[in-house]
Amino acid sequence: MRRLAPQDLRIEAEEARLLILRMLRGGRSGHVGGALSCVDILTTLYFDEMDIDPLEPTRPDRDRFILSAGHKALAQYAVLARRGYFPEPWVDTYSDLGSRLAGHPDMHKLPGVEANTGALGHGLSIACGIALGLRLQERRSRVFVVLGDGELPEGSNWEGAAMAAHHQLGNVVAFVDVNDLQISGRTADVMNMEPIADKFAAFGWKVRTIDGNDVEQIQGVLAEVDRDSSSPTAVVAKTTKAKGVSILEDTAASHYWKPAAAEMAEAEAEIRARIQLLSLQAVAR
């Protein structure tokens with residue numbers, strides 16, 4: 001685990017956002033909205049919380065991360081590259097035929113990916129199975145999973161929620177990326193799953209609600225997680241779809257984006273300016 005100051009995490013998250021756009025530039029389209037909304041969570045987990053080693057990605061006692069909403073893979077690829085799991089130039093192959101970086105994560109192609117995901121709703125059950133196996137092996141490793149609010153109508157999520165509570169899997173921490181949008185529009189209009197926090201609590205989970213684009217709140221909620229607890233933890237993370245790219249924020253159109261050249265240039269310039277400002281603030285700290 002590495003402990004970083006919030007400002008350093010913010011810079012890392014913005015660098016990851018820039019990599020997301022770099023992949024989008026090469027692949028010409030992709031699921032960018034959800035990737036940008038959850039990247040602050042992934043950055044904080046990989047850089048500040050999880051017990052992992054990029055030089056030994058299959059170490060038995062490592063913490064695990066499952067991206068249940070596999071179409072948000074751009075975020076995981078960007079953070080894995082920044083964390084040193086694979087050479088950064090690999091991101092330029094995104095979506096190429098035979099690339100290790102496909103539209104959804106593939107554990108057989110890329111180090112650091114623990115499960116093939118993208119069939120929505122399965123990630124939580126996968127995470128619970130891994131967590132139960134770790135406990136049977138008497139390992140103290142934890143399993144973190146990121147869900148999307150748009151995948152919660154899938155029933156297997158709630159089978160996983162019931163299993164985690166029944167088996168007292170305190171080594172499971174689930175973040176629900178609640179950005180309020182999916183490909184068809186507002187989640188409340190497509191299939192309203194609110195109150196999400198109350199639903200997880202009813203299953204027997206410890207529940208916290210935070211701003212999922214605020215790294216200090218993410219750090220704070222993770223500091224509260226008791227790895228010896230008998231209850232799994234659900235973090236309802238309120239985010240903004242396409243956070244960090246003003247022309248896309250809080251739009252359903254950002255779910256799968258095919259940017260024009262001018263739009264891409266504007267988005268990249270916005271993020272670079274923010275990185276520069278954050279870096280100057282870090283130096284002055």
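Peer 1: What should I look at first to understand the side chain of glutamine 76 in this one?
Peer 2: Mapping glutamine 76 onto the fold places it in helix H3 (residues 73–83). For glutamine 76, a relative accessible area of 2% gives the class buried. Engagement of the side chain of glutamine 76 in a polar contact is seen with the side chain of tyrosine 46, the distance being 3.2 Å. Every residue in contact with glutamine 76, bar those within four places of it in the chain, is listed here: Leu42, Tyr46, Phe65, Leu67, Pro105, Gly112 and Val113.

Peer 1: Help me out: how do you make sense of empty space enclosed by the protein in this one?
Peer 2: Rolled over the atoms, a probe as big as a water molecule pinpoints where empty space is left. Across all of its chains, the model carries two cavities of 30 Å³ or more by this definition. If you add up the space inside the largest cavity, you get close to 50 Å³. Together, Tyr46, Met50, Ile52, Pro57, Arg62, Asp63, Arg64, Phe65, Tyr85, Gly112 and Glu114 line the largest cavity. Residues belonging to the lining of the largest cavity are distributed by class as follows: six nonpolar, one polar and four charged. The calculated volume of the second largest cavity comes to roughly 40 Å³. Lining the second largest cavity are Phe65, Ile66, Leu67, Gln76, Pro105, Val113, Glu114, Ala115 and Thr117.

Peer 1: Just checking my understanding: could you explain the environment of glycine 185 for this structure?
Peer 2: With respect to the secondary-structure elements, glycine 185 resides in strand S5 (residues 185–186). Look at glycine 185 and you get buried, because its relative accessible area is 13%. For the pair glycine 185 and alanine 253, spaced 68 residues apart in the sequence, the C-alpha separation amounts to 8.7 Å. If sequence neighbours within four positions are ignored, glycine 185 has contacts with Asp180, Val190 and Ala252.

Peer 1: Is there a simple way to think about the nonpolar core in this case?
Peer 2: One broad rule of soluble globular proteins: the nonpolar side chains tend to lie buried together. Residues Ile20, Tyr46, Phe65 and Phe175 are the most contacted members of the largest nonpolar core, which totals 57 residues. Residue contacts for isoleucine 20: discarding those within four places in its chain leaves Val32, Ala35, Leu36, Val39, Leu74, Ala75 and Ala78. Within the second largest apolar cluster, 27 residues are counted, among which are Ile66, Ala131, Val145 and Val176.

Peer 1: Sorry if this is basic, but what is going on with the pattern of salt bridges here?
Peer 2: Following the criterion strictly, the structure yields 19 salt bridges and no others. For the salt bridge of aspartate 40 with arginine 17, the shortest nitrogen-to-oxygen distance reads 2.7 Å. Linking aspartate 40 in helix H2 (residues 32–49) with arginine 17 in helix H1 (residues 6–27), this pair joins segments that are 23 residues apart in sequence. Residue class for aspartate 40 comes out buried when judged on its relative accessible area of 4%. When the shortest N-O distance is used, the salt bridge between arginine 142 and aspartate 63 registers 3.2 Å. Residue arginine 142 is located in the loop between helix H4 (123–136) and strand S2 (143–148), and its partner aspartate 63 is located in the loop between H2 and strand S1 (64–67); the two are separated by 79 residues in the primary sequence. Both residues of the pair, arginine 142 and aspartate 63, belong to the buried class. What emerges from the salt-bridge pattern is a single network uniting Glu14, Arg17, Asp40, Glu270 and Arg274.

Peer 1: How should I be thinking about the environment of glycine 34 in this particular structure?
Peer 2: Looking at where glycine 34 falls in the secondary structure, it is placed in helix H2. Glycine 34 gets classed as buried once you look at its relative accessible area, which sits at 4%. Taking C-alpha positions, glycine 34 is 9.1 Å from alanine 73, a pair spaced 39 residues apart along the chain. Apart from the residues within four sequence positions on either side, glycine 34 is in contact with Lys72, Asp177, Asn179 and Lys241.

Rules used throughout
- Residues numbered from 1 in each chain as written.
- Predicted model: local features only at pLDDT ≥ 70, side-chain atom pairs only at ≥ 80, totals over all residues.
- Heavy atoms only, no water.
- Helix = DSSP H or I, 4+ residues; strand = E, 2+ residues; numbered from the N terminus.
- Buried < 20%, exposed > 50% of the residue type's maximum accessible area, 1.4 Å probe, protein only.
- Polar contact = N/O pair within 3.5 Å; in protein donor to acceptor, adjacent residues only side chain to side chain.
- Contact = heavy atoms within 4.5 Å.
- 1 Å grid on protein atoms, 1.4 Å probe; cavity = no way out; pocket = protein on both sides within 12 Å on 5 of 7 lines; lining within 4 Å.
- Points joined across faces, edges and corners; volume = space filled by probe spheres on them.
- Nonpolar A, V, L, I, M, F, W, Y, C, P; charged D, E, K, R; others polar.
- Core = buried A, V, L, I, M, F, W, Y, C linked by side-chain atoms within 4.5 Å.
- Salt bridge = Lys/Arg side-chain N within 4 Å of Asp/Glu carboxyl O.

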